[in-house]
Amino acid sequence: MKNILLMISSKKDRELISKYLESKHTVIIPDSPDDFENTIIDDTSFDILITDIQSLSVHRGRVKSLKECSAPFRVPVLLTGVSKKNKYEIDFFKDIIDEVIFFPLSPAELDIRLDSLFRIINLQKKAVIDPLTGVFRREHIVKRGREELSRMKRSNKKTSFGLIMLDIDYFKEINDSYGHHTGDKVLKEFSLRMQRCLREYDIIGRYGGEEFLVLLPDTDEEGTKRAAERLQDEIVSEPFYINNNEIALSASFGITSCDEPDEKIQDFIKQADNALYEAKNNGRNQIVLEK
């Protein structure tokens, strides 16, 4: 089931749409929905936004910001409650709306429009998500790093973010001993363990075969080191149980902290990668800070 946020100023229309959707999807209605001028969209815990002209007029800036900054996917917006006689009203919102349903609303047409938006979401996922591990592809994690540098540059306060490059130790031996199918399952479980011990807004990408890159927004050098220690403990504290096999794993970590938004993201990745190389040369299963 998808999460759909209803930001509809008309109580009658809101209840009508909600009643139709709730059997198929999870419907989210903001607090004090009738006071739509004071409604605050404070997260992206929804897949699609359904709104009307009145609400979108008030929240145009916030919705546009969500679409530009929500990661990894551009939040689809479905506009409803517009009369075909007044369709010129949508011109001001062309840059942020993805689908329009004209008045009167038809449940069948609503299904068609939602299906179209779900296809957009699925295409976005295929473009940025590694199908095996469920984390970001290499290209997208690098893109997110550039975006983080851009965000730091726009910020009024001094901030930083951490980078962790980690590599599963002796992964080739797992493939050789147990087969590639087991190796794939190890990578999936490894990714799940990383997600389990990091913050919701930390960013994980598969950088290579068994190599991962983690971006830690608003994190200094000491915070980056603590995050790497949590990851290390999560990996080594309990064996991986795959296909009735008990597999003990460890990983090597190279870490750095970025506080210079004018630099290039590839330079910081290179620093973390150099530290990772040192960790592996020094015996693996350790954390090395880039000097």
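All figures in this text were calculated on a predicted structure; none of them were measured in a lab.

Focus on the sheet that holds strand β12 (residues 287-289)
(1) Moving on: Taken together, 5 strands build an open sheet; the order of strands is β7-β8-β6-β11-β12 and the sheet is mixed. For this open sheet the edge positions go to β7 (203-206) and β12, each flanked by a neighbour on one side alone. Averaged over all adjacent pairs, the angle separating strand axes in this sheet is 20°, with direction ignored.
(2) Moving on: Across 6 bridges, the pairing between strand β6 (residues 161-168) and strand β8 (residues 211-216) is antiparallel. Within the sheet, the bridge partner assigned to Leu163 lies in β8 and is Leu215.
(3) Moving on: Sitting on the sheet, helix α4 (residues 138-154) is in contact with β6, β7, β8 and β11 (251-258), with an inclination near 150° to β7.
(4) Moving on: Sheet strands touched by helix α6 (residues 180-197): β6, β7, β8 and β11. Its angle to β8, the strand with the most contacts, is close to 15°.

Re the nonpolar core
(1) Moving on: Counting 27 residues, the largest nonpolar core has Ile164, Leu166, Phe190 and Leu249 as the members making the most contacts within it.
(2) Moving on: The set of elements that each furnish at least two residues to this core consists of β6, α5 (171-178), α6, β8, α7 (221-236), β9 (240-242) and β11.
(3) Moving on: Ranked by residue count, the leading element in this core is α6, at 5 residues.
(4) Moving on: With near-sequence residues (within four places) excluded, Ile164 lies in contact with Phe212, Leu213, Val214, Leu216, Thr224, Ala227, Ala228, Leu231, Phe253, Gly254 and Ile255.

Describing the packing of α4 against helix α8 (residues 265-281)
(1) Moving on: Interaxial distance between α4 and α8 falls to 9 Å at its minimum, and their mutual angle equals 115°. In the packing of α4 onto α8, the handedness of the crossing is right-handed. Contacts between α4 and α8 involve Val142, Gly145, Arg146 and Leu149 from the first element and Ile265, Gln266, Phe268 and Ile269 from the second.
(2) Moving on: For the contact of α4 with α8, the residue count by class is 5 nonpolar, 2 polar and 1 charged.

Details of the side chain of Ser9
(1) Moving on: Mapped onto the secondary structure, Ser9 falls in the loop between β1 (3-7) and α1 (11-21).
(2) Moving on: For Ser9, a relative accessible area of 16% puts it in the buried group.

Parameters at a glance
Residues numbered from 1 in each chain as written. Predicted model: local features only at pLDDT ≥ 70, side-chain atom pairs only at ≥ 80, totals over all residues. Heavy atoms only, no water. Pairing = 2+ DSSP bridges. Helix = DSSP H or I, 4+ residues; strand = E, 2+ residues; numbered from the N terminus. Axes fitted to C-alpha atoms, helices over the stretch in contact; angles between N-to-C directions. Contact = heavy atoms within 4.5 Å. Core = buried A, V, L, I, M, F, W, Y, C linked by side-chain atoms within 4.5 Å. Buried < 20%, exposed > 50% of the residue type's maximum accessible area, 1.4 Å probe, protein only. Left-handed = near helix turned anticlockwise from the far one by under 90°. Nonpolar A, V, L, I, M, F, W, Y, C, P; charged D, E, K, R; others polar.

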